[in-house]
Amino acid sequence: LLQPAPTPSTRRLSECSTPCRIASMGGGSRAGHRLARAALLCAAFAAAGSATPATDNATHTIVATVLNGKYAPLFELWHPRFAAATDARVELVVACLDDDAVAAVRRLDTRARTLEATGGAHDVAAARLAKVHTVLRLVREEAAGSKRLVIYSDVDAFWLQSPISRLRRIEAPLAFSRDGVATAAGFDGKRGFALCAGFFVARPTEAAASFLDAWRLKGRGGRSSDQVAANELYDEGVGIIADEVVDRCPRGAVPAVWHPYSPAQISGKVFFWGRVLAKIASGDGDAFAGVRCSWGARHKGRNR
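**Q** For the overall build of the protein, give the residues involved together with the corresponding values.
**A** When helices and strands are counted, the protein shows 10 helices and 11 strands. Counting the 304 residues in the protein, one finds 53% classified as buried. As displayed, the protein offers around 13,600 Å² of accessible surface, 52% of which is attributable to carbon and sulfur atoms.

Written out as structure tokens, the structure reads:
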């Protein structure tokens, strides 16, 4: 459950395969529930593909992220780039997992909206799925209200320029950036990439809400990671964000959003990525030289 974050407060951390393939399953009441949900999800995406797209808000956008106190130093690195790439027509919404996160947001951005993510610190999967709960809530709010596009961005997906105009051109109700290395969670060898749960965009539509709700249910309770769950729900109705918009391992032109692979420690992320970002800002054409292009030592190829 996500609620507006109070000040001050004491809080705790909270909280098919493709839908059409699941729809072919049978037997038992649990399978029947899966069948019904998968059928609704398939129908929503099919309708989205055949119907005239609903008119989104053409000028205003929501960008959502999730934060806890541990990641506050990374938020401090991320936020100035985000702020420089956006203007007052973009509302930042931060789902805060603890009080330190709320404090970090309010220290850096008095305009940002904070939401409280609750549900139990013992449930790591619930914390990872806070992004899904947040975006689902916002999509439903916007569908009934201002109809703003909802973009989710991890705080390690650095906005070097605004991707919003290019994201608006995507016709799918929901679209993900992609991860092209074989060690990525949810990687599918046949399609050659995994959907990346760290950056995606959702239109304020029932089709997007249906996918997000199925994602929320599939990932809860620790049965799989948020990214694995998203990839198990993938079908052709899901859009893919182009690498020139969001790229994990740039080799040529600087993308609008750089979403690098992670050093293990927060301090390492801030130090190493901060140096790369400073090179980009200075116009260094070799800023990405030496940047890691894989989650594992055996996969060092281009992110495709």
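**Q** How would you sum up the pattern of salt bridges? Please name residues and give values.
**A** A complete count under the given rule lists 14 salt bridges for this structure. Glu91 is the salt-bridge partner of Arg148, the closest N and O atoms lying 3.0 Å from each other. Placement of the pair is Arg148 in the loop between helix H6 (130–143) and strand E5 (149–153) and Glu91 in strand E3 (residues 90–96), with a sequence separation of 57 residues. For the pair Arg148 and Glu91, one class covers both residues: buried. Put simply, Glu141 and Arg137 hold a salt bridge, and the shortest N to O gap is 2.9 Å. Here the residue Glu141 and the residue Arg137 both occupy positions in helix H6, the gap between them amounting to four residues, near one helical turn. Its relative accessible area of 21% is what places Arg137 among the partly exposed residues.

**Q** How would you explain unusual backbone geometry if you had to name every residue and give the values?
**A** Even without a glycine there, the phi angle at Lys147 is positive, about 60°. Position of Lys147 among the secondary structure elements: in the loop between H6 and E5. With a relative accessible area of 30%, Lys147 lands in the partly exposed category.

**Q** Go over the side chain of Thr114 with me, naming the residues and quoting the values.
**A** Mapped onto the elements, Thr114 comes out in strand E4 (residues 113–117). Look at Thr114 and you get buried, because its relative accessible area is 8%. Within the structure, the side chain of Thr114 is placed 3.3 Å from the side chain of Arg106, a separation counted as a polar contact.

**Q** So what about the sheet that holds strand E6 (residues 158–159)? Which residues, and what values?
**A** Taken together, three strands build an open sheet; the order of strands is E6-E11-E10 and the sheet is mixed. Strand pairing shows two members of the sheet lacking a second neighbour, E6 and strand E10 (246–247), which therefore form its edges. The pairing of E10 with strand E11 (residues 257–258) spans two bridges and is classified as parallel. Along E11, the bridge assignment pairs Asp247 with Trp258.

**Q** Please give an account of the packing of helix H3 (residues 72–85) against helix H4 (residues 99–108) that cites residues and values.
**A** Remark: H3 packs on H4, axes separated minimally by 10 Å, with the N-to-C direction vectors making an angle of 25°. When the axes of H3 and H4 are compared, the pair comes out roughly parallel. The handedness of the crossing between H3 and H4 is right-handed. On H4, the residues that touch Ala72, Phe75, Glu76 and His79 of H3 are Ala104, Val105, Arg107 and Leu108.

**Q** Which residues make up the confidence of the model for the protein, and what are the values?
**A** Confidence in the prediction for the protein averages 80 pLDDT; 74% of positions are at 70 or higher. A low-confidence stretch, residues 119–123 stays under pLDDT 50, and its non-local contacts, those more than four residues away or across chains, total eight contacts. In the model, residues 297–304 has pLDDT below 50 throughout and makes 26 contacts with residues more than four positions away in sequence or in other chains.

**Q** Run through the pairing of strand E2 (residues 61–67), naming residues and quoting values.
**A** Extensive coverage of E2 is indicated by the burial of seven of its seven residues. Going residue by residue along E2, you find Thr61, Val63, Thr65 and Leu67 tucked away on one face and Ile62, Ala64 and Val66 tucked away on the opposite face as well. As paired elements, E2 and E3 share seven bridges and run parallel to each other. Looking at the pairing, Thr61 lines up with Val90 of E3. Since E2 and E3 lie parallel, the crossover through H3 that links them has a hand, and here it is right-handed. Across four bridges, the pairing between E2 and E5 is parallel. Bridging from a neighbouring strand, Ala64 pairs with Tyr152 of E5.

**Q** Outline H3, supporting the account with residue identities and numerical values.
**A** With 14 residues, H3 should cover 20 Å at 1.5 Å per step; its first-to-last C-alpha distance of 20 Å lies within 8% of that length. For H3, the principal kink sits at Trp78 and spans about 30°; a proline, Pro80, occurs within the next four residues. Along H3, the residues classified as buried are Ala72, Leu74, Phe75, Leu77, Trp78, His79, Phe82 and Ala85. Against E2, E3, H4, E5, E6 and helix H10 (266–281) lie the buried residues of H3.

**Q** Which residues make up the nonpolar core, and what values go with them?
**A** Counting 44 residues, the largest nonpolar core has Ile151, Trp159, Leu167, Phe199, Ile241 and Trp258 as its most contacted members. Element by element, the count of residues in this core is highest for H3, at seven residues. Each residue touching Leu167, except ones within four places of it in the same chain, is listed here: Leu149, Ile151, Phe199, Val201, Arg203, Ile241 and Val245. Ranked by size, the runner-up nonpolar core spans 35 residues in total, among them Leu97, Leu174, Phe193 and Leu195.

The rules behind each value
Residues numbered from 1 in each chain as written. Predicted model: local features only at pLDDT ≥ 70, side-chain atom pairs only at ≥ 80, totals over all residues. Heavy atoms only, no water. Helix = DSSP H or I, 4+ residues; strand = E, 2+ residues; numbered from the N terminus. Buried < 20%, exposed > 50% of the residue type's maximum accessible area, 1.4 Å probe, protein only. Areas by Shrake-Rupley, 256 points an atom, 1.4 Å probe, with all protein chains shown as cover. Salt bridge = Lys/Arg side-chain N within 4 Å of Asp/Glu carboxyl O. Polar contact = N/O pair within 3.5 Å; in protein donor to acceptor, adjacent residues only side chain to side chain. Pairing = 2+ DSSP bridges. Axes fitted to C-alpha atoms, helices over the stretch in contact; angles between N-to-C directions. Parallel < 35°, antiparallel > 145°, perpendicular 65-115°, else oblique. Left-handed = near helix turned anticlockwise from the far one by under 90°. Contact = heavy atoms within 4.5 Å. pLDDT = per-residue confidence, 0-100. Right-handed = clockwise from strand over helix to strand, strands pointing away. Expected span 1.5 Å × (residues − 1). Bend = angle between axes of the 7 residues up to and from the residue. Core = buried A, V, L, I, M, F, W, Y, C linked by side-chain atoms within 4.5 Å.

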